[in-house]
Amino acid sequence: MKLLKDSEIPLPQWKAFIRENNRSTPFQTPEYFNFFHSVSGMAARAFAVVDDEAIKSLTVVTYQKERGLKGYFSRRAIIYGGIPYDEEAPHSVDMLLKAITEDTDRRSIYTEIRNLSDYRDLRKIFEENGFEYIPYLNFTIDTTDQEKMFGRISSSRQRQIRKALKLSVTCSEASGIDEVQQFYMMLLRLYREKLHKPLPGEEFFIEFYRRRLGIYLLVRHDGKIIGGIMCPVLDNRALYEFYICGMDEAFPQLYPSVMATWYAMKYACDNGIGMFDMMGAGKAGEQYGVRDFKARFGGRMVEYGRFLRINQPVLYRLGRSGLVLMKKAGL
């Protein structure tokens, strides 16, 4: 077996591997690698383990940090979706992880792998490479039958959807960059005022649209955008909730965030996409309002967890303390 990086990975084999592997997500495709690598403030590396010209495991590592004073203490490596691998060559993941950690140890304070499928059988390999398992939850929704899908939604959520529809709440795809910018401004307010979490810059969202890496579904009422959702797509296999927001306080009777989620589910169903992945529902055992919101859409709750490796322990502790103080100071 040998290790290949970035442009060394042959595109035909790369695309075929992602297409055929049941652990694949859009985030390991060549298109997303190029996307992450092109946005200012971000970078990406691709790693693949190959045997006899066949890819045995592959992933894309994204490097991120916040702007300004927070930048130094927020340097992180994120692997979205996990690591697709050949079930007959699980040992290839060990070789892949060693290459990843060699690269990320130099460039990031920590590395986080956000799994969207089950890696329990490989947990020992991850732990031997310095990764700790964190029990994160998620919801996946079967979108193969709209009637059954709607029937699984809680009765209170069904009433909200019906009410919003009667009040002429509609949804359509973003028609241009100006509408993507409107979505971003709503999202930015949400992250600044309530979530207090890192958010990529506007360029990230515009470039996603330009490269046609997925869809923006925008919730509308009386000609005004009141909510929306940004969804990567993997062929006809799955639709993913990457970013979502709604003007719920300004339009409480219209349920913008509820309708953004519902319209994404409906889009998947209408377009022959078999699953809607909600991409996270918080850490198991901890109260999390977002989990309560997502649970009422009738999905299957799973615990695929995350793997976390602290590459620079001192900076990690200082960074966590420093970012908390900066947040309190409003920086």
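Our structure is the block above this text.
Cut-off values and rules
Along each chain, residue indices are assigned from 1 in the same order as the chain's sequence is written. Confidence filtering applies because this is a predicted model: local features only for residues at pLDDT of at least 70, side-chain atom pairs given and counted only at 80 or more, and all residues used for totals across whole chains, interfaces and linings. Think of the side-chain values as coming from all heavy atoms in the structure, minus any hydrogens and water. Strands are labelled as partners when DSSP assigns at least two bridges between them. The way it works is that DSSP assigns letters per residue, a run of H or I at least four long becomes a helix, a run of E at least two long becomes a strand, and they are numbered from the N terminus. Every axis corresponds to a line fitted to the C-alpha atoms, with the helix fit spanning only the stretch in contact, and the corresponding angles, defined between N-to-C directions, vary from 0 to 180 degrees. In this analysis, two residues are considered to be in contact whenever any of their non-hydrogen atoms come within 4.5 Å of each other. Nonpolar core, defined: a set of buried Ala, Val, Leu, Ile, Met, Phe, Trp, Tyr and Cys residues in which side-chain atoms within 4.5 Å join the residues together. Any residue under 20% of the maximum accessible area for its type is buried, any over 50% is exposed, and the rest in between are partly exposed; the area is computed with a 1.4 Å probe on protein chains only. The rule is short: rings of Phe, Tyr and Trp, with Trp giving its six-membered ring, pair when the centres are within 6.5 Å, and they are stacked under 30 degrees, edge-to-face over 60, tilted in between. Consider the ring centre and the ring normal. A charge sits over the ring if Lys NZ or Arg CZ is within 6 Å of that centre and within 35 degrees of that normal. Whenever a nitrogen or oxygen atom comes within 3.5 Å of another N or O atom, the pair is scored as a polar contact, on the condition that within protein one atom can donate a hydrogen and the other can accept it, and that pairs from neighbouring residues in sequence are kept only if both atoms are in side chains.

*Asks:* Give a detailed account of the sheet that holds strand E1 (residues 2-5), specifying residues and quantitative values.
*Replies:* Here seven strands make up an open sheet; going across it, the order is E1-E2-E3-E4-E5-E15-E6 and the pairing mixed. The open sheet is flanked by E1 and strand E6 (132-134), the only strands paired with a single partner. Along the sheet, successive strands turn relative to each other by an average axial angle of 25 degrees, direction set aside. By the bridge criterion, six bridges tie strand E4 (residues 76-81) to strand E5 (residues 110-115) in an arrangement that is parallel. Bridging from a neighbouring strand, Gly81 pairs with Asn115 of E5. Sheet contacts for helix H1 (residues 11-20): strand E2 (42-51) and strand E3 (54-64); angle to E3, the most-contacted strand, approximately 90 degrees.

*Asks:* Account for the nonpolar core, with residues named and values stated.
*Replies:* Counting residues in hydrophobic clusters, the biggest one holds 53 residues, and the most contacted among them are Trp14, Phe36, Phe183, Phe204, Phe205, Met230 and Tyr243. The dominant element in this core, judged by the number of residues it contributes, is helix H7 (residues 177-195), at seven residues. Residues contacting Met230, with those up to four places away along its chain left out, are Phe183, Phe204, Phe205, Phe208, Ile215, Tyr216, Tyr240, Glu241, Phe242 and Tyr243. Core analysis: the second largest hydrophobic core is formed by 34 residues, Ile153, Tyr255, Met259 and Trp262 among them.

*Asks:* Break down H1 for me, with residues and values.
*Replies:* Quick reminder: α-helices carry 3.6 residues per turn. Residues three or four places apart thus point the same way. Buried within H1 are the following residues: Trp14, Ala16, Phe17 and Ile18. Tucked inside the fold, the buried residues of H1 contact helix H2 (30-38), E2, E3 and strand E10 (224-234).

*Asks:* Got a sec to walk through the environment of Lys124? Specific residues and values, please.
*Replies:* Note that Lys124 resides in helix H4 (residues 123-128). In the structure, Lys124 is positioned 90 residues away from Gly214 in sequence and 34 Å away in space, judged by C-alpha atoms.

*Asks:* Let's hear about the packing of aromatic side chains: which residues, and what values?
*Replies:* Tallied over the full model, the rule gives 33 aromatic pairs. Each ring, one from Phe36 and one from Tyr80, has its centre 5.8 Å from the other, and the planes form 15 degrees; the classification is stacked. Linking Phe36 in helix H2 with Tyr80 in strand E4, this pair joins segments that are 44 residues apart in sequence. For Phe36, a relative accessible area of 0% puts it in the buried group. Each ring, one from Tyr110 and one from Tyr316, has its centre 5.7 Å from the other, and the planes form 80 degrees; the classification is edge-to-face. Remark: Tyr316 occurs in helix H11 (residues 313-329) and Tyr110 occurs in strand E5; sequence separation between them is 206 residues. Comparing Tyr110 with Tyr316 shows no difference in burial state: the two are buried. A cation over a ring is seen here: Arg23 above Tyr119, with NZ or CZ 4.7 Å from the ring centre.

*Asks:* Report on the side chain of Arg220, specifying residues and quantitative values.
*Replies:* For Arg220, the location among the structural elements is in strand E9 (residues 214-221). Owing to a relative accessible area of 15%, Arg220 belongs among the buried residues under this scheme. Within the structure, Arg220 has its side chain in polar contact with the side chain of Ser172 (distance 2.7 Å). A polar atom in the side chain of Arg220 sits 3.4 Å from the backbone oxygen of Glu173. Every residue in contact with Arg220, bar those within four places of it in the chain, is listed here: Ser168, Val169, Thr170, Ser172, Glu173, Ala174, Glu179, Ile225 and Ile226.

Geometric descriptors of this kind do not, in isolation, establish any biological role.
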